[in-house]
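Coordinates in review
The residues making up each chain are set out below.
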Amino acid sequence: MNIVVCVKQVPDTESPRKLKSDDNTLDRGAADGVINELDEYAIEEALLLKEAHGGEVTVLTMGPDKATDSIRKALAMGADKAVHLVDDALAGSDALGTSYAIQQVLGRIGFDLVILGSESTDARTGMLPAMLAERLGVPQLTLSSKVEIDGSAIKVQRITDYGYDKVEATLPAVVSVVEKINEPRYPSFKGIMAAKKKPVETLGVADAGIEADKVGLAGSASEVVDFAEAPPRAKGQIVTDEGDGGVKIAEFLASKKFV
Amino acid sequence: MAEVLVLVDHVDGEVKKVTLELLTAARRLGEPAAVWVGPGFEGAKEKLAEYGAAKVYVAADEELTSYVVAPKVELLAQLVADKSPAGVLLAATGEGKEIAGRLAVKLDSGVLTDVVDVADGFVGEHSIFGGAIIAHAKVKRGTPIVAVRPNAIAAEPAPAAAAEEQVSVTLSDAARSAKIVEKVVQEKGERPDLTEAAIVVSGGRGVGGAENFKIIEDLADSLGGAVGASRAATDAGWYPHQFQVGQTGKTVSPQLYIAVGISGAIQHRAGMQTSKTIVAINKDPDAPIFELVDFGVVGDLFQVAPQLTEEINKRK
């Protein structure tokens, strides 16, 4: 089974995140880059499926040179090889443009299964997996908390507001995962050493057959027009409990008409 | 005035509050036209009329709800082609965002998700990086598609006709590729839905165990609120995963958020920072959650929370 895991390098949420004032896009130099957390669950699920059913796990990322850090981590966890789509023409792509670019690469490298985290911690649009399913014309098995494969049949549990849906489809398919699905492994020392020898293919826009006017800031169908720091919250009142802490909160809630 | 399509979010005919918020927002942008998918419209018609749906496109065919997301996208795409609306509004729920994304691909239109407000010209306001930045964005191409965060816009009634028009769509094979074979409803009790609730009470690491979540539930019930949990609590198995509030869980924006035994790491703050009023109980005076609160108590939650519940019940 040919499994492709899409990973995104995002600013570490623990470090300061900024937008750039010249074009209102994410300042990727402002914070340390890490693998988007939910994508680690996607990598883990891909590795578990490979261990159960055989095949190969390819990591695919779109992002600047620095994104090689995330590729190395995925390879150290156990992925077999990687494809890095990197080109200045891609900078500032919105979700629509990003999904188009990734579709083009997937069309070239082929897949039985594409797995992604259900959203990224930076843009948090939660749209890319569904967009890819639409573009590729394959089943959308998103927000999954459990994945089972038997031959070409795939079953997932899709998280809903009321619990979950049991969903069935046939491969090839796009799967997105939620945090509940598994516990990502840590790369072993052996894995880290082995990762250095694994192949990483670098593609530019032209190599992948991507039309440059459909990506990047200019090709995007939406744009950020302005941004500002949110006004700081007014300093709240903090009291130490002296046996009447609960009563004091109740009084506060009453003053705000909550009770 | 051009129509604005509003996809109705409902569970078995029960309209979710976010739909009323979307209809309210749609009135600023054009004439609200609700889109109903699945059975149960008759019971919901009055509510949609009350909140300003001038028209309702009703697609009652159950097949449209038997597959993951794609049939709703094909229906909306057909309505956009037939009716040339000014734009499409949806709820920024897990599924609403997915529908928005696929529709954007199908129409090659710009899409904004998780906006907390939408103004003239479909300019969306985003609260990003855990509420630290307010950004405005707009669509440059196609029919604007905007997914709005539940609870961000106050629903206001404005009676309208809700004139019914039956519509249908012939699904493609691709739209039938991910079949829902069973819907599993998990225990939730009588509490409001987490992302829609006006009041949310969440418990964290300080709660110390699954059995102690009774304290959180009792407080939530005294206020008629929903129960949430921090990642530390769901990771420990003290409370089910679907109630996790935070970066890898749900984003909530209630009128009142009470954080009990939650330190307020960025993971959690990202999911609750746009709550209108925030209250916290924590024994650590240096907990970062206190930077956000309108009212905070430094103290033992096992003393303070039950006393608060008792006091609220007394005042009823």
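Quantities reported herein were computed from a predicted structural model and do not represent experimental measurements.

Another point: the overall build of chain A. When you go through chain A residue by residue, the secondary structure sums to seven helices and 13 strands. Projected onto its principal axes, the C-alpha coordinates of chain A cover approximately 65 × 45 × 40 Å. Looking at chain A residue by residue over its 259 residues, the buried ones come to 54%. Of the contacts formed within chain A by residues at least 6 apart in sequence, a portion of 73% connects residues at least 24 apart. Working note: accessible area of chain A is about 11,100 Å², and carbon and sulfur atoms make up 50% of it. Distance from the positive charge centre (29 side chains) to the negative charge centre (41 side chains) of chain A: 3 Å.

Counting its secondary structure elements, chain B contains eight helices and 18 strands. Against the compact-globule benchmark of 20 Å for 316 residues, chain B has a radius of gyration of 21 Å, which places it among compact chains. Viewed in the frame of its principal axes, chain B has a C-alpha envelope of about 60 × 40 × 40 Å. The buried share among the 316 residues of chain B stands at 62%. Residue pairs in contact within chain B that sit at least 24 positions apart in sequence constitute 65% of those at least 6 positions apart. Of the accessible surface of chain B, which amounts to about 11,300 Å², a share of 48% is contributed by carbon and sulfur atoms. Side-chain charges in chain B split into 31 positive and 42 negative, and the spacing between the mean points of these groups amounts to 3 Å.

On inspection of all chains with the given rule, the structure shows 38 salt bridges over all chains. For A:K50, the salt bridge is made with A:D80, and the minimal N-O distance between the two is 2.9 Å. Taken as a pair, A:K50 in helix α1 (residues 37–53) and A:D80 in the loop between α2 (68–77) and β5 (81–85) lie far apart in primary sequence, 30 residues in all. Given a relative accessible area of 24%, A:K50 falls into the partly exposed group. Between B:E74 and B:K106 there is a salt bridge whose closest N-O contact spans 3.9 Å. With B:E74 in helix α3 (residues 70–83) and B:K106 in helix α4 (residues 94–107), this residue pair connects regions lying 32 residues apart in the sequence. Residue B:K106 is classed as partly exposed on the basis of its relative accessible area, which comes to 35%. Counted as one network, the salt bridges with shared partners bring together A:E37, A:E179, B:R231 and B:D235.

Okay, the packing of helix α3 (residues 95–109) of chain A against helix α4 (residues 128–136) of chain A next. Residues and elements named next belong to chain A. Look at α3 against α4: their axes get within 9 Å of each other, and the N-to-C directions meet at 50 degrees. Regarding the angle of α3 to α4, the classification is oblique. Every pair of crossing elements has a handedness; the one defined by α3 and α4 is right-handed. From α3, A95, L96, T98, S99, Y100, I102, Q103 and L106 reach across to α4, where they touch L128, M131, L132, R135 and L136. Its residues assigned to classes, the contact of α3 with α4 comprises nine nonpolar, three polar and one charged.

Another point: the interface of chain A and chain B. At the interface, 79 residues of chain A touch 87 residues of chain B. At the surface where chain A touches chain B, the tally comes to eleven salt bridges. B:E95 is the partner of A:R158 in a salt bridge, and the nearest nitrogen-oxygen pair spans 3.3 Å. Across the chain A-chain B interface, the total number found is 43 residue pairs in polar contact (both at pLDDT 80 or more).

On to the environment of B:R28. Residue and element names in this part refer to chain B. Note on placement: R28 falls in the loop between α1 (17–27) and β4 (31–37). When the C-alpha positions of R28 and D120 are compared, they lie 6.7 Å apart, and in sequence the two are 92 residues distant. With residues up to four places along the chain from it excluded, the contact list for R28 reads D117, V118, D120 and I153. In this structure the side chain of R28 is engaged in a polar contact, spanning 2.9 Å, whose partner is the backbone oxygen of V118.

All names here are of chain B. Per the domain assignment, the segments of chain B are domain 1 (3–176) and domain 2 (199–315). Once you take the C-alpha centre of each, domain 1 and domain 2 turn out to be 31 Å apart. On the side of domain 2, seven residues touch domain 1, which itself brings seven residues to the contact. Taking both partners together, domain 1 and domain 2 bury about 530 Å²; carbon and sulfur atoms supply 51% of that area. For the domain 1 face of the interface with domain 2, the top three residues by lost area are G130, R149 and N151, together amounting to 74%. One can count zero salt bridges joining domain 1 with domain 2. The tally of links from domain 1 across to domain 2 stands at two residue pairs in polar contact (both at pLDDT 80 or more). Tallied by class, residues from the side of domain 1 that touches domain 2 come to two nonpolar, four polar and one charged.

Our focus in this paragraph is the UniProt feature "domain: Electron transfer flavoprotein alpha/beta-subunit N-terminal" (unreviewed entry) in chain B. Annotation from UniProt places "domain: Electron transfer flavoprotein alpha/beta-subunit N-terminal" (unreviewed entry) at residues 4–184 of chain B. When the span residues 4–184 of chain B is considered, its composition is 27% helix and 33% strand, and the gap between its end C-alpha atoms is 33 Å.

Once that is clear, we can look at the nonpolar core. Formed by 74 residues in total, the largest nonpolar core has its most connected members in A:L113, A:I115, A:L141, A:I154 and B:V35. Ignoring sequence-local partners within four residues, the contact set of B:V35 consists of B:L5, B:V6, B:L7, B:V8, B:Y57, B:L75, B:L76 and B:L79. Counting 49 residues, the second-largest nonpolar core is a separate cluster that includes B:A220, B:A226, B:I258 and B:A280.

With glycine set apart, most residues show a phi of negative sign, and most peptide bonds adopt trans. Here the amide bond leading from A:L171 into A:P172 is cis, since omega sits at 0 degrees, within 30 degrees of zero. As for its position among the elements, A:P172 is in the loop between β9 (163–170) and β10 (173–177). The phi dihedral of B:S84 is positive, around 45 degrees, even though this residue is not glycine. Among the structural elements, B:S84 can be located in the loop between α3 and β6 (87–91).

For the rest of this paragraph, the subject is the sheet that holds strand β5 (residues 55–59) of chain B. All names here are of chain B. Read across the sheet, seven strands follow the order β7-β11-β6-β1-β4-β5-β12 without closing on themselves; strand pairing throughout is parallel. Two strands bound the open sheet, and with one partner strand each, they are β7 (111–115) and β12 (163–166). Ignoring which end each strand starts from, the neighbouring axes of this sheet average 25 degrees apart. For β4 and β5, the ladder comprises five bridges, and the chain directions are parallel. Residue pairing for β5: A34 is matched across the bridge by V56. Seen against the sheet, helix α2 (residues 41–50) touches β4, β5 and β12 and runs at an angle of roughly 160 degrees to β4. Those strands touched by α3 are β1 (3–7), β4, β5, β6 and β12, and its axis lies near 145 degrees from that of β4.

So, how was this worked out
- Residues numbered from 1 in each chain as written.
- Chains lettered and ligands numbered in written order.
- Predicted model: local features only at pLDDT ≥ 70, side-chain atom pairs only at ≥ 80, totals over all residues.
- Heavy atoms only, no water.
- Helix = DSSP H or I, 4+ residues; strand = E, 2+ residues; numbered from the N terminus.
- Buried < 20%, exposed > 50% of the residue type's maximum accessible area, 1.4 Å probe, protein only.
- Contact = heavy atoms within 4.5 Å.
- Areas by Shrake-Rupley, 256 points an atom, 1.4 Å probe, with all protein chains shown as cover.
- Lys, Arg positive; Asp, Glu negative; His and termini not counted.
- Charge placed at Lys NZ, Arg CZ, Asp CG, Glu CD.
- Rg over C-alpha atoms; globule rule 2.2 N^0.38 Å.
- Salt bridge = Lys/Arg side-chain N within 4 Å of Asp/Glu carboxyl O.
- Axes fitted to C-alpha atoms, helices over the stretch in contact; angles between N-to-C directions.
- Parallel < 35°, antiparallel > 145°, perpendicular 65-115°, else oblique.
- Left-handed = near helix turned anticlockwise from the far one by under 90°.
- Nonpolar A, V, L, I, M, F, W, Y, C, P; charged D, E, K, R; others polar.
- Polar contact = N/O pair within 3.5 Å; in protein donor to acceptor, adjacent residues only side chain to side chain.
- Domains from an automatic or database assignment.
- Buried area = accessible area lost by both parts, 1.4 Å probe.
- UniProt positions renumbered as here; feature names shortened; annotations may be inferred.
- Core = buried A, V, L, I, M, F, W, Y, C linked by side-chain atoms within 4.5 Å.
- Pairing = 2+ DSSP bridges.

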